[in-house]
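# Coordinates in review
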Amino acid sequence: MPFPIKVCVICKEEFELKPGKPGFANRCPDCSESDEAVKPGEQPKVDREANAARREAMKNLLYRKDS
Ligand SMILES: [Zn+2]
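Residues numbered from 1 in each chain as written. Predicted model: local features only at pLDDT ≥ 70, side-chain atom pairs only at ≥ 80, totals over all residues. Heavy atoms only, no water.

Here we come to the nonpolar core. Formed by Cys8, Phe15, Leu17, Cys28 and Cys31, the largest nonpolar core amounts to five residues. In this structure, Leu17 is in contact with Phe3, Pro4, Lys6 and Ala25, ignoring residues within four places of it in sequence. (Core = buried A, V, L, I, M, F, W, Y, C linked by side-chain atoms within 4.5 Å. Buried < 20%, exposed > 50% of the residue type's maximum accessible area, 1.4 Å probe, protein only. Contact = heavy atoms within 4.5 Å.)

If you want it as structure tokens, here you go:
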């Protein structure tokens, strides 16, 4: 059985979607690799802002409880 052929959303190349392929199912192996190589462990900006907002909300909650 041939693997299903997908078109990569990044480079628009066709690739075989093999079972167990790492990364996104709509990205070719090359683009999946380059994406994983980008700064492992560094949080995206959105996550940091969400964390800051959560901390702020927690702080407000505590202050309200004290008063
Ligand atoms: Zn690609």
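Counted according to the given criterion, the structure contains one salt bridge. The shortest N-O distance in the salt bridge between Lys59 and Glu56 comes to 3.8 Å. With a gap of three residues between them, Lys59 and Glu56 both fall in helix α2 (residues 45-66), about one helical turn apart. Since its relative accessible area comes to 39%, Lys59 is described here as partly exposed. (Salt bridge = Lys/Arg side-chain N within 4 Å of Asp/Glu carboxyl O. Helix = DSSP H or I, 4+ residues; strand = E, 2+ residues; numbered from the N terminus.)

Taken together, the protein donors to the zinc ion comprise Cys8 (SG), Cys11 (SG), Cys28 (SG) and Cys31 (SG), at separations of 2.2 to 2.4 Å. Coordination geometry of the zinc ion: the four donor atoms subtend angles of 105 to 115° at the metal centre, consistent with an arrangement described as tetrahedral. Each donor residue of the zinc ion lies on one chain, and together they are spaced C-x2-C-x16-C-x2-C. Accessibility assignment for this pair places Cys28 and Cys31 in one class, buried. (Donors = N, O, S within 2.8 Å, 3.2 Å for Na, K, Ca; no water. Tetrahedral: all angles 85-135°; square planar, octahedral: opposite > 155°, others 65-115°.)

As a further point, take the environment of Cys8. With respect to the helices and strands, Cys8 occurs in the loop between β1 (5-7) and β2 (14-16). Put simply, Cys8 and Phe24 are 16 residues apart on the chain and 9.5 Å apart in space, counted from C-alpha to C-alpha. Non-local contacts of Cys8, meaning those with residues more than four positions away in its chain, are made with Glu13, Phe15, Asn26, Arg27, Cys28 and Cys31.

With that settled, the discussion passes to the confidence of the model for the protein chain. A residue-level look at the protein chain finds 79% of positions with pLDDT of 70 or above and a mean pLDDT of 82. Taken element by element, the predicted model of the protein chain shows its lowest mean pLDDT in helix α1 (residues 29-36) (75) and its highest in β1 (95). (pLDDT = per-residue confidence, 0-100.)

Next up on the list: the environment of Pro4. Positionally, Pro4 belongs in the segment before β1. Distance in space between the C-alpha atoms of Pro4 and Pro19 is 9.8 Å, their sequence separation being 15 residues. Ignoring any residue separated from it by four or fewer positions in sequence, one finds Pro4 in contact with Phe15, Glu16 and Leu17.

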